[in-house]
Amino acid sequence: MAGFGVDTRPAAAAAGEGALSFISRSLREDLRLIRARAGELETFLSAPVPEPDLFARLRRAYTSPAGSTRLDLSAIGKAFEAEVGRGWGARAKAGWKWEEEEEDAGVWDPIRAVKARLRDLDRRRQDQASDVLHKVKLSLKSMSFAPEASEEVPPLDLNELLAYFLKQSGPLFDQLGIKRDVCDKLVESLCSKRKDHSAYDLLSTSEHSSFRNDNACDELDLRIASVLQSTGHNYEGGFWDEGQKYDVADKRHVAIVTTASLPWMTGTAVNPLFRAAYLAKSSKQYVTLMVPWLCKSDQELVYPNNMTFSSPEDQETYIRDWLEERVGFKTDFKISFYPGKFQKERRSIIPAGDTSQFIPSKEADIAILEEPEHLNWYHHGKRWTDKFNHVVGVVHTNYLEYIKREKNGAVQAFFVKHINNLVARAYCHKILRLSGATQDLARSMICNVHGVNPKFLEVGERIAAERESGQQSMSKGAYFLGKMVWAKGYRELIDLLAKHKTDLDGFKLDVYGNGEDSVEVQSAAKKLDLNLNFHKGRDHADDSLHGYKVFVNPSISDVLCTATAEALAMGKFVVCADHPSNDFFRSFPNCLTYTTSEDFVAKVKEAMTRDPQPLTPEQRYNLSWEAATQRFMEHSELDKVLSNSTDSASTSGRANSVDGKMRKSASLPNMSDIVDGGLAFAHYCFTGNELLRLSTGAIPGTLNYNKQHSSDLHLLPPQVQNPVYGW
């Protein structure tokens, strides 16, 4: 019978339960120790947590069917295998059989919560890491320089390659006399025959509207750039390109090289001198003016009044005194001399030897070539664009007009035209033409970058003030001033006065000038019985010329007549031809242009019967050297060069993409640069042969300077400067 409070189970069973209770108490004690050891928590968590149902299986394994107490290893193994098969942590759906089961369940809850929290954190960390990796992959893919759709850009076909070759061969066509219009039409024809129109359609739709152009040449540029971008090609330059020549410092060096010097009163002597003074006035750059040095025998032929100089220092003193008297400030620039020889036939000075060698390499930064074609006709030396970072040419003279007046002038003009274009392309980055009367050269633009002597503006202001006070300042009539050679307008002047001698009855004209044709000019005027009074040449600023009211200049050979600008600055009327050389003066009310000989008579009578208008402050400024220097800085891009802010289009040299839009660029080797380099090399070889030089009109002995030059300029003797090896 059952008794209350008495254990009726067999002794063996009681002993087994006692053992399990002991094991259970030991496990609970171990768990308390584990919780106390925070450092060993991770080791514990890595092991599976035994479930209470396992203890019941172990208890049954200790009890045999016969009631004897023994350790049944097979039963224990089966118990663990069954638990592993069900999964650790799986709870038996049945209730616990012993009284300590509910107590044990509360012991494991904190551990399970910690493990669950750690597993959740680990899962989140893995998800975040995978998300970051995915974003990094996308970023790298977007930053990839490989074109995403390179396979969609079809390669260039034969027509496109031929069209690109023709387009880049423009300099060669210029030398051959082929017009650019013909080249453009050939390029357009080849582009119209392209095999794959979809390539251009795709380009047009993908391009920004600002880059679209109906011009076939522009489309071809974009097409070339797209193909090169799709292939990843990048042209780094080379062949003729030498890269940076001069280490740009904080203060730049500007060298102005001209073909004449004072006291020879010619435009290429006076205007570069003023340019040097006003460029140096800003003190933003070092300026060097290079002028030719003539031996005494040549000085006697060139300089007026038999003026000669025994040394370059004496001539430099004369130049500075003359300049500072007119500009009114102390000039701060360097004057250097290079050897030159005077050519009587052409009435010009030709450099002797390599002019560029007289500019030290440490100062070879920016070069301004006054009359670049003249300086380089027989130039045999370093290429200017190789030695200097930026080369600007200023065209002063209409040589073709002068040559056409000579014997066999048409044939000579043909060759000179192509030679001028060759040297301009080969030796200059930028060319400024004073007016449209000059030859159209490559990379050139029209802009008047000359001003007038400040003294003339002062005369104009004084005369205007006298007229306002009621004084009669201009009591004289009309005059003409210029070097007395037929090409300076004397032929046109005599023809006009002879044709309308009756219409201009009573009109007197005073003529001032000296020159090689003075005897012929005066005899022709005397023969036609023209009312011309001839006087010796004098400075236009001379006081004796201030009282004239009308300046007559019929010349059509000038590029930009300095005397015309000076007459306007003094407040006079100017009667001149309707010619491109006078375009700059049209905006001045005192400039009266004529188109026919009858119109010439009408303009002369108009000027003689009324008074000229005083200049406004804006008109005076436009005639000044301050305004001329500003125009020169802008149109020659010298302001950008000096401030190190040249446009990226000239230095990029490769196809690229900005904001997803294609940009036209020279990603292929520039054929224009290659042709220019080839022309420069051919010119160098040609000018190195004395026989070829003489056959084209060069002065004998100008390939190198002579002993007299080396003595005057303290140079190395010619045989040391250019030794002949093997002798």
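These numbers come from a predicted model, not from an experiment.

### Remarks on the overall build of the chain
- In terms of helices and strands, the chain carries 30 helices and 16 strands.
- The buried share of the chain, reckoned over its 727 residues, is 46%.
- The contacts in the chain between residues at least 6 apart in sequence include a share of 71% that link residues at least 24 apart.
- When the accessible surface of the chain is totalled, it reaches about 37900 Å², and 54% of it is carbon and sulfur.

### Re the state of the cysteines
- Evaluation of the coordinates by the stated rule reveals zero disulfides.
- There is no disulfide at Cys576, and the cysteine sulfur nearest it, in Cys591, is 3.6 Å away.
- Exposure remark for Cys576: the relative accessible area of 0% places this residue in the buried category.

### Notes on the confidence of the model for the chain
- Of all residues in the chain, 67% attain a pLDDT of 70 or more, and the chain-wide mean is 76.
- For the chain, per-element mean pLDDT is lowest for strand β15 (residues 657-658), which scores 38, and highest for strand β5 (residues 366-370), which scores 95.
- Considering only residues more than four positions removed or in separate chains, one finds that residues 201-214, a stretch of pLDDT under 50, has 18 contacts.
- Confidence drops under pLDDT 50 across residues 235-244; counting only partners more than four residues distant or on other chains, this segment forms 18 contacts.

### A short note on helix α13 (residues 312-327)
- Helix length check: α13, at 16 residues, gives a terminal C-alpha distance of 22 Å against a target of 22 Å (1.5 Å per residue), a fit within 8%.
- Burial in α13 covers these residues: Pro312, Gln315, Ile319, Arg320, Trp322, Leu323, Glu324, Arg326 and Val327.
- Taken together, the buried residues of α13 touch α11 (267-281), β2 (285-293), β3 (334-343), α18 (454-468) and α29 (707-712).

### Digging into helix α21 (residues 562-569)
- Where burial is concerned, most of α21 is hidden: seven out of the eight residues are buried.
- By the burial criterion, the buried members of α21 are Ala563, Thr564, Ala565, Glu566, Ala567, Leu568 and Ala569.
- Looking at the buried side of α21, the elements it contacts are α18, β9 (476-481), β12 (548-553), β13 (573-577), β14 (591-594) and α23 (617-623).
- One or two residues past the end of α21 sits Gly571, with phi positive at roughly 85°.

### Some points on the sheet that holds β9
- Taken in spatial order, the six strands make up an open sheet running β11-β10-β9-β12-β13-β14, and their pairing is parallel. The sheet is open, and its two borders are formed by β11 (532-535) and β14, each paired with just one other strand. Looking at each pair of strands side by side, their axes are set apart by 25° on average, direction ignored.
- The sheet strands contacting helix α22 (residues 597-609) are β9, β12, β13 and β14, and the helix crosses β14 at an angle near 160°.

What counts and how
- Residues numbered from 1 in each chain as written.
- Predicted model: local features only at pLDDT ≥ 70, side-chain atom pairs only at ≥ 80, totals over all residues.
- Heavy atoms only, no water.
- Helix = DSSP H or I, 4+ residues; strand = E, 2+ residues; numbered from the N terminus.
- Buried < 20%, exposed > 50% of the residue type's maximum accessible area, 1.4 Å probe, protein only.
- Contact = heavy atoms within 4.5 Å.
- Areas by Shrake-Rupley, 256 points an atom, 1.4 Å probe, with all protein chains shown as cover.
- Disulfide = S-S within 2.5 Å.
- pLDDT = per-residue confidence, 0-100.
- Expected span 1.5 Å × (residues − 1).
- Pairing = 2+ DSSP bridges.
- Axes fitted to C-alpha atoms, helices over the stretch in contact; angles between N-to-C directions.

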